[in-house]
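# Structural characterization, general
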Amino acid sequence: MADKTLTILGSTGSIGRSTLDVVSRSPGRFRVHALAAHRNLELLLSQIERYQPSVAVVYDDEAAHRLRQKRPLGGRVTVLSGMAGLVEVAVDPGVNQVVSGMVGAIGLEPTYAAIERGKEVAIANKETLVLAGELMVNLASGTGSRLLPMDSEHNAIFQCLGGNPDRMPHRIVLTASGGPFRDWPMERFADITVEQALDHPNWKMGPKITIDSATMMNKGLEVVEARWLFGLPPSRIQVLIHRQSIVHSMVEFRDGSTLAQLGLPDMRTPISYCLGWPERLPLDLPRLDLVQVGRLDFESVPETKYPCLFLALEALELGGGAPAALNGANETVVAAYLDRAFPFTSIPRILREVLGRLRAELAASTAPECLGSVRTVQDAIGADRWGREAAKALIAN
Ligand SMILES: NC(=O)c1ccc[n+]([C@@H]2O[C@H](COP(=O)([O-])OP(=O)(O)OC[C@H]3O[C@@H](n4cnc5c(N)ncnc54)[C@H](OP(=O)(O)O)[C@@H]3O)[C@@H](O)[C@H]2O)c1
């Protein structure tokens, strides 16, 4: 019998594909109960044939209808759709671990539902923790749900804590590659093309997180994620640029000892740690050769070059629904940038204006309640939506 039965949300994405690769490398240990995707029916179909899940979810009703017509596995797969379908596979009583690997705020409800049912949840979908991290962590401690950080930096910290987030670190250091433009002079930023922004030097990831890495909004979202996963105030979370992406993050303990987790930049390592937890799975991948790497560099982050990181820190300090609003605005702005609506340099400019508007509304007491505090999932969704609308209005202008 398999050790764990999995639901994989976002199976056709970069995280989902790497998760299934790890599953293939551990024959007999995992059973895939459900796969969930959005648009990539062709890949989903081939994953269904290979991993034989009982259920497949396609968010879009019409696409789900098309999948049903193809009768995958001779019609033995139940095809669900919409948010109800995502939630149903996240809470299925037969599932032990839910891999939250969808991109963006859409992952919030199924991830929350899985935590509510006390599941083990491997979280790659950082946006959900930015929207409602405090709610999720509190809920998990009530239901006994185990949150396993899959994002490489948070997974590194989790590993340094011996797989036990209750061991309080004194300080954590999140490392960042600096993205493709770390050596570019700022005068050239106005000419950055979408293709250049999508060409990450160290990691192969989905388009949204790749743009977030180029602006370093990704690291800002990760600070918020770390704040809730490890219960540390932002003043005890440091970000350093580490261009080799070999040290995935570090933990400093109260006696000053610092532990780091090192490895080649390959998401299958943190994924494997989450799937196997509390055990380490054998994983036959290229090994780190430090002589070949030669040197490990660390630099502080210049605010002028990476304003998005600092906007996220500002939102975290504002608290309440501000991080969710910034996340909603960022998703809207990144999607428009990928559609070539404006230059790269407009991304921080629009986001700064959204935060300015949020501050002004809070000061004038005209902001909706969800921006002041996030007490429910609906508040988080409301704050995220506020950010999207604010960004859309600015983009339209
Ligand atoms: N990639 C990495 O190395 C990495 C590392 C750390 C953290 N993360 C985080 O992991 C998450 C996923 O990133 P990614 O790079 O894997 O993104 P990605 O390659 O763009 O994949 C996104 C996945 O989400 C699915 N999806 C999107 N909207 C959906 C919806 N409404 N319903 C169901 N499925 C939906 C997509 O389905 P279709 O493909 O079928 O449209 C796809 O399977 C993000 O939150 C990211 O920040 C990623």
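This section reports on the structure supplied with the text. (Residues numbered from 1 in each chain as written. Predicted model: local features only at pLDDT ≥ 70, side-chain atom pairs only at ≥ 80, totals over all residues. Heavy atoms only, no water.)

## Digging into the nonpolar core
- Ranked by size, the top nonpolar core spans 94 residues in total, and within it Tyr-337, Phe-344, Ile-347 and Leu-351 carry the most contacts.
- Element by element, the count of residues in this core is highest for helix α14 (residues 322-338), at nine residues.
- Apart from residues lying up to four places away in sequence, Leu-351 is in contact with Met-217, Cys-308, Leu-311, Leu-326, Ala-329, Asn-330 and Val-333.
- Counting residues in hydrophobic clusters, the runner-up holds 37 residues, among them Val-23, Val-58, Trp-203 and Leu-281. (Core = buried A, V, L, I, M, F, W, Y, C linked by side-chain atoms within 4.5 Å. Buried < 20%, exposed > 50% of the residue type's maximum accessible area, 1.4 Å probe, protein only. Helix = DSSP H or I, 4+ residues; strand = E, 2+ residues; numbered from the N terminus. Contact = heavy atoms within 4.5 Å.)

## Overview of the environment of Lys-204
- Residue position: Lys-204 is located in the loop between α8 (194-197) and α9 (207-215).
- The class of Lys-204 is exposed, set by a relative accessible area of 78%.
- Separated by 61 residues in sequence, Lys-204 and Pro-265 place their C-alpha atoms 9.1 Å apart.

## Considering the packing of aromatic side chains
- Scanning all chains against the criterion turns up seven aromatic pairs.
- With centroids separated by 6.1 Å and ring planes inclined at 80°, the aromatic side chains of Phe-189 and Phe-344 adopt a geometry described as edge-to-face. One end of the pair, Phe-189, is in the loop between β8 (171-176) and α8; the other, Phe-344, is in the loop between α14 and α15 (346-363), with 155 residues separating them in the sequence.
- Note on Phe-344: relative accessible area 4%, which makes it buried. (Phe/Tyr/Trp six-rings, centres within 6.5 Å; stacked < 30°, edge-to-face > 60°.)

## Concerning the packing of helix α10 (residues 217-229) against helix α13 (residues 307-318)
- It is at 6 Å that the axes of α10 and α13 come closest, and there the two elements cross at 30°. Looking at the two axes, α10 sits roughly parallel to α13. Here the hand of the crossing between α10 and α13 comes out right-handed. Between α10 and α13, the contacting residues are Met-217, Lys-219, Gly-220, Leu-221, Val-223, Val-224 and Arg-227 on the first element and Cys-308, Leu-309, Ala-312, Leu-313 and Leu-316 on the second.
- For the contact of α10 with α13, the per-class residue count stands at nine nonpolar, one polar and two charged. (Axes fitted to C-alpha atoms, helices over the stretch in contact; angles between N-to-C directions. Parallel < 35°, antiparallel > 145°, perpendicular 65-115°, else oblique. Left-handed = near helix turned anticlockwise from the far one by under 90°. Nonpolar A, V, L, I, M, F, W, Y, C, P; charged D, E, K, R; others polar.)

## A closer look at the sheet that holds β8
- Here we have four strands laid out as an open sheet, ordered β9-β8-β10-β11, and mixed in their pairing. The outermost strands of the open sheet, each flanked by one partner alone, are β9 (237-241) and β11 (258-262). For this sheet the average axis-to-axis angle between neighbouring strands, irrespective of direction, equals 20°.
- In the sheet, β8 pairs with strand β10 (residues 247-252) via four bridges, with the strands oriented antiparallel. Bridging across to β10, Ile-172 finds its partner in Val-251.
- Packing against the sheet, helix α7 (residues 152-160) makes contact with β8, β10 and β11, and its axis sits at approximately 45° to β10.
- Of the strands in this sheet, β8 and β9 touch α10, which is tilted by about 155° from β8. (Pairing = 2+ DSSP bridges.)

## Thoughts on α14
- If you check α14, its first and last C-alpha atoms are 24 Å apart, about what 17 residues at 1.5 Å a residue would give, namely 24 Å.
- Across the 17 residues that make up α14, a large majority, 15, are buried.
- Phi turns positive one or two residues past the end of α14, at Arg-340, with a value near 65°. (Expected span 1.5 Å × (residues − 1).)

## Comments concerning the site of the ligand
- Residues in close proximity to the ligand total 25 residues, the closest being Thr-12, Asn-40, Glu-127, Asp-151 and Gly-206.
- Asn-40 is positioned such that a nitrogen or oxygen atom in its backbone is 2.8 Å from an oxygen atom of the ligand.
- Within the backbone of Gly-206, an N or O atom sits 2.8 Å from an oxygen atom of the ligand.
- Here the ligand, which alone exposes 900 Å², has 91% of that area covered by the protein.
- Taken together, the elements giving at least two residues each to the shell around the ligand come down to α1 (14-24), α6 (126-143) and α9.
- Looking at side-chain class alone, the shell around the ligand contains 11 nonpolar, 10 polar and four charged residues. (Near = heavy atom within 4 Å. Polar contact = N/O pair within 3.5 Å; in protein donor to acceptor, adjacent residues only side chain to side chain. Areas by Shrake-Rupley, 256 points an atom, 1.4 Å probe, with all protein chains shown as cover.)

## So, the pattern of salt bridges
- Overall, the coordinates contain 24 salt bridges when judged by the stated rule.
- Here Asp-183 and Arg-243 are joined by a salt bridge, their closest N and O atoms 2.9 Å apart. Highlighted residues: Asp-183 in the loop between β8 and α8 and Arg-243 in the loop between β9 and β10, separated in sequence by 60 residues.
- Since its relative accessible area comes to 22%, Arg-243 is described here as partly exposed.
- A salt bridge links Glu-369 to Arg-375, with the shortest nitrogen-to-oxygen separation between them at 3.2 Å. Taken as a pair, Glu-369 and Arg-375 share a single burial class, namely exposed. (Salt bridge = Lys/Arg side-chain N within 4 Å of Asp/Glu carboxyl O.)

Interpretation note: all reported values are geometric properties and have no functional meaning in isolation.
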